[in-house]
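Listed here are the chains, written in short residue letters.
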Amino acid sequence: MEIEREVLLASFTTFQIGGRARFFARVRTPQDLKEALEWGEKEKVPFFVLGGGSNLLISDDGFPGLVIKIEIGGVSLKEEGEVFQVVAGAGEPWDPFVVRTIESGLSGLENLSGIPGTVGGTPVQNVGAYGVEVGTAIAWVEAYSMKTYKKRLFQNTDCQFGYRTSFFKTEEGRQWIITRVAFHLSKNGAPNLSYREVRDYFTNRETPPTPLEVREAVLLIRSRKFPDIKVIGTAGSFFKNPAVDSTTLAKLLKEFPDLPHFPLRGGGSKIALGALLERLQWKGVRRGRVGVFEKQSLVLVNYGGSTAQEMREFAENIIRDVREKTGIEIVPEIVFIGDRLQIPGDLPRG
Ligand code: EPU
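Quick caveat, the model's predicted, so the values are computed rather than measured.

What follows deals with the UniProt feature "active site" (unreviewed entry) in the chain. Summarizing the sequence annotation, UniProt attributes the feature "active site" (unreviewed entry) to Arg164, Ser237 and Glu333 in the numbering used throughout. Across 170 residues in sequence, these annotated residues keep their C-alpha atoms within 10.9 Å of one another, forming a single compact spot. With respect to the helices and strands, the residue Ser237 is situated in strand β13 (residues 233–237). Non-local contacts of Ser237, meaning those with residues more than four positions away in its chain, are made with Leu298, Val299, Glu333 and Ile334. Looking at the secondary structure, you find Glu333 in the loop between α7 (308–326) and β20 (335–337). Classification of Glu333 as buried rests on a relative accessible area of 5%. Residues contacting Glu333, with those up to four places away along its chain left out, are Asn55, Gln125, Arg164, Lys169, Ser237, Phe238, Phe239 and Lys240.

This is the structure we're talking about:
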């Protein structure tokens, strides 16, 4: 395993933003991982684990330690009665993996089609889209401790999946590096049509759509809302949809009567922040090289050559505007790496 130096990180992120890693290692096996960790320990440098770079804003100053890029591959499939257990290396690119499960006749991940990133990143923030969260399909997650290099299998409940969060986002969870993820998928599973536009796509259908057809619907719906990451830099939704109490919701609905909102199990409601930002006139706003995407206001974009600093200041303006106009404190959904990039609500990293 080779330790590279001064590697530019921008091209490893879908935002196309970020300075240099002082040290950089590509890890293809658990043994590589152990060696990288031991090297970093010896050199006394901080670690940062990089997957597909699709949910990150990396500082223009880069990362002053060792970036460990997980490239552990491999997919295996095992029948377990009605369900199949599919195990994938953390470095497998997510969408080709989804295609592979669909081609094997399995359902469970088709609603999560078209999402950039790698398999290992999905449990961390419990990736979700079009009515499905990945945590519902995960059987277990294999991870190695940064401190002891010991391997541990986290069963589904150990992962503490929540809305865009999991154990792996906690202080303790950050000590664990995900190397493999196992999914429980089924043959002949019922399609999930809970997301309105996916359901609408199949109106007048008499037979349930196949996983491949659901994938096609999802890809079409996504293409209407998200920029093409080959052309425009983005990390998808920049902020989380906030939860509000009933008083705040009532106040918001007075001003914006048709604001989409969803009741939460523990009380209160989640509001569609994209819809709120649109009503606060943020949709399509562009400042220099950064902006709010013109088709989806939760998505911030780098039109080319933006710095992390510019993106952060732009996001801070949005946070301030929402606070001043509604009293709601919104928090980023993406992760910030490196110095001088902390935004309230985000935990420091690195
Ligand atoms: N809306 C607007 N204007 C906008 C944006 C949205 O009116 O500018 C409305 C939509 O019409 C819809 C509602 O707001 O009624 C919610 O929008 P949408 O269904 O597009 O989803 P979202 O809440 O903005 C979330 C996830 C996405 C995921 C979609 C689809 C978060 C932070 N984001 O976005 O995930 O793809 O649902 O399920 O929860 C990501 O995490 O990076 C991500 C892209």
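We now examine helix α4 (residues 211–225). Since there are 3.6 residues in each turn of an α-helix, residues three or four apart along the chain are aligned in direction. End to end, α4 covers 21 Å across 15 residues, agreeing with the expected 21 Å (1.5 Å per residue, within 8%). Regarding α4, the residues found buried are Val214, Arg215, Ala217, Val218, Ile221, Arg222 and Lys225. Looking straight down α4, one finds that the buried residues subtend no more than 165° of arc, so they occupy a single side. Contact partners of the buried residues in α4: α2 (94–103) and α3 (196–201).

A few words on the sheet that holds strand β14 (residues 243–244). The strand order across the open sheet built from three strands is β14-β16-β15, with neighbouring strands paired in antiparallel fashion. In this open sheet, the two edge strands, each paired with only one partner strand, are β14 and β15 (261–263). In terms of strand pairing, β15 meets strand β16 (residues 269–271) through three bridges, oriented antiparallel. Counted as the bridge partner of Phe262 is Lys270 from β16.

The subject of this paragraph is the nonpolar core. Counting 55 residues, the largest nonpolar core has Leu66, Ile68, Trp94, Leu109 and Phe183 as the members making the most contacts within it. The set of elements that each furnish at least two residues to this core consists of β2 (20–27), α1 (30–43), β5 (63–70), β7 (83–89), α2, β10 (138–145), β12 (176–186) and α4. Ranked by residues supplied to this core, first place goes to β12 with six residues. Phe15, Ala308, Ile318 and Val322 belong to the second-largest nonpolar core, a separate cluster that totals 35 residues.

Our next topic: the pattern of salt bridges. Counted under the stated rule, the structure contains 21 salt bridges. The closest approach of N and O atoms between Arg279 and Asp258, which form a salt bridge, is 3.5 Å. With Arg279 in helix α6 (residues 273–279) and Asp258 in the loop between α5 (246–255) and β15, this residue pair connects regions lying 21 residues apart in the sequence. The exposure class of Arg279 is partly exposed, given its relative accessible area of 26%. When the shortest N-O distance is used, the salt bridge between Glu316 and Arg312 registers 3.7 Å. Linking Glu316 with Arg312, this pair stays in helix α7, spanning four residues, or about one helical turn. Its relative accessible area of 21% is what places Glu316 among the partly exposed residues.

Attention now moves to the domain arrangement of the chain. Much of the literature gives interface size as the accessible area that the parts lose upon coming together. Segmenting the chain into domains produces domain 1 (3–70), domain 2 (75–223) and domain 3 (233–337). Centre-to-centre separation of domain 1 and domain 2, based on C-alpha positions: 25 Å. Here domain 1 and domain 2 share an interface that buries about 1100 Å² over both sides, 73% of which is from carbon and sulfur atoms. Per-residue buried area on domain 1 facing domain 2 is highest for Leu33, Leu37 and Ile70; these three make up 36% of the total on that side.

Here we come to the site of the ligand. Neighbouring residues of the ligand: 23 residues in total, closest Tyr130, Tyr163, Tyr195, Glu278 and Ser297. Residue Lys225 places a side-chain N or O atom 3.2 Å away from an oxygen atom belonging to the ligand. The separation between a nitrogen atom of the ligand and a polar side-chain atom of Glu278 is 2.5 Å. Contact with the protein chains hides 81% of the accessible area of the ligand, taken as 810 Å² for the molecule alone. Breaking the shell around the ligand down by element, the ones donating at least two residues are β8 (128–129), β13 and α6. For the shell around the ligand, the leading source of residues is α6, giving four residues.

Before going further, it helps to examine the pairing of β5. Extensive coverage of β5 is indicated by the burial of seven of its eight residues. Inspection of the sheet shows β2 paired to β5 by six bridges, in the parallel sense. Bridging across to β5, Val27 finds its partner in Ile70. By the bridge criterion, four bridges tie strand β3 (residues 47–50) to β5 in an arrangement that is parallel.

This part takes up the packing of aromatic side chains. The final tally for this structure, using the stated rule, is 16 aromatic pairs. For the ring pair Phe48 and Phe63, a centre distance of 6.0 Å and an interplane angle of 55° mean the geometry is tilted. A residue pair is termed long-range when its members are at least 10 positions apart, and Phe48 in strand β3 and Phe63 in strand β5 qualify at 15 residues. Here the aromatic residues Phe15, Phe238, Phe239 and Phe336 are joined through ring pairs into a cluster of three or more. Its guanidinium or amino end placed over the ring of Tyr163, Lys270 lies 3.5 Å from that ring's centre, counting from NZ or CZ. Between the NZ or CZ atom of Arg286 and the centre of the ring of Tyr303, over which it lies, the distance is 3.9 Å.

How each quantity is defined
Throughout, residues of each chain are indexed from 1 in the direction in which the sequence is written. For a predicted model such as this one, the threshold for reporting local features is a pLDDT of at least 70, and the threshold for listing and counting side-chain atom pairs is 80 or more; totals across whole chains, interfaces and linings nevertheless cover every residue. The side-chain figures draw on all heavy atoms in the structure; neither hydrogens nor water molecules are used. UniProt positions are given in the numbering used here, feature names are shortened, and annotations may be inferred rather than shown by experiment. Helix and strand definitions here come from DSSP, where helices need a minimum of 4 consecutive H or I residues and strands a minimum of 2 consecutive E residues; each element is numbered from the N-terminal end. It only takes one pair of heavy atoms within 4.5 Å for two residues to be counted as in contact. A simple rule labels every residue: compare its accessible area, found with a 1.4 Å probe on the protein chains alone, to the largest value its type can have, and call it buried under 20%, exposed over 50%, or partly exposed in between. Each residue after the first adds 1.5 Å to the expected span of a helix. For this quantity, the arc is that covered by the directions from the helix axis to the C-beta atoms. DSSP calls a pair of strands paired once it identifies at least 2 bridges connecting them. Residues belong to a common nonpolar core when they are buried Ala, Val, Leu, Ile, Met, Phe, Trp, Tyr or Cys residues joined through side-chain atoms within 4.5 Å. Any Lys or Arg side-chain nitrogen found within 4 Å of a carboxyl oxygen on Asp or Glu counts as a salt bridge. Each domain's limits were defined by an automated method or a database of domain assignments. Each of two parts loses accessible area, computed with a 1.4 Å probe, when they are put together; buried area is these two losses added. Throughout, the term near means that a residue has one or more heavy atoms lying within 4 Å of the molecule or strand in question. Polar contacts, as used here, are pairs of N or O atoms within 3.5 Å; protein pairs need one atom able to donate a hydrogen and one able to accept it. Residues neighboring in sequence count only if both atoms are side-chain atoms. Note that accessible areas follow from Shrake-Rupley with a 1.4 Å probe, and for residues the cover is restricted to the protein chains shown. Only Phe, Tyr and Trp rings are paired, with Trp represented by its six-membered ring, and only when their centres lie within 6.5 Å; those with planes under 30 degrees apart are stacked, over 60 edge-to-face, the remainder tilted. Criterion for a charge above a ring: Lys NZ or Arg CZ within 6 Å of the ring centre, and within 35 degrees of the ring normal.

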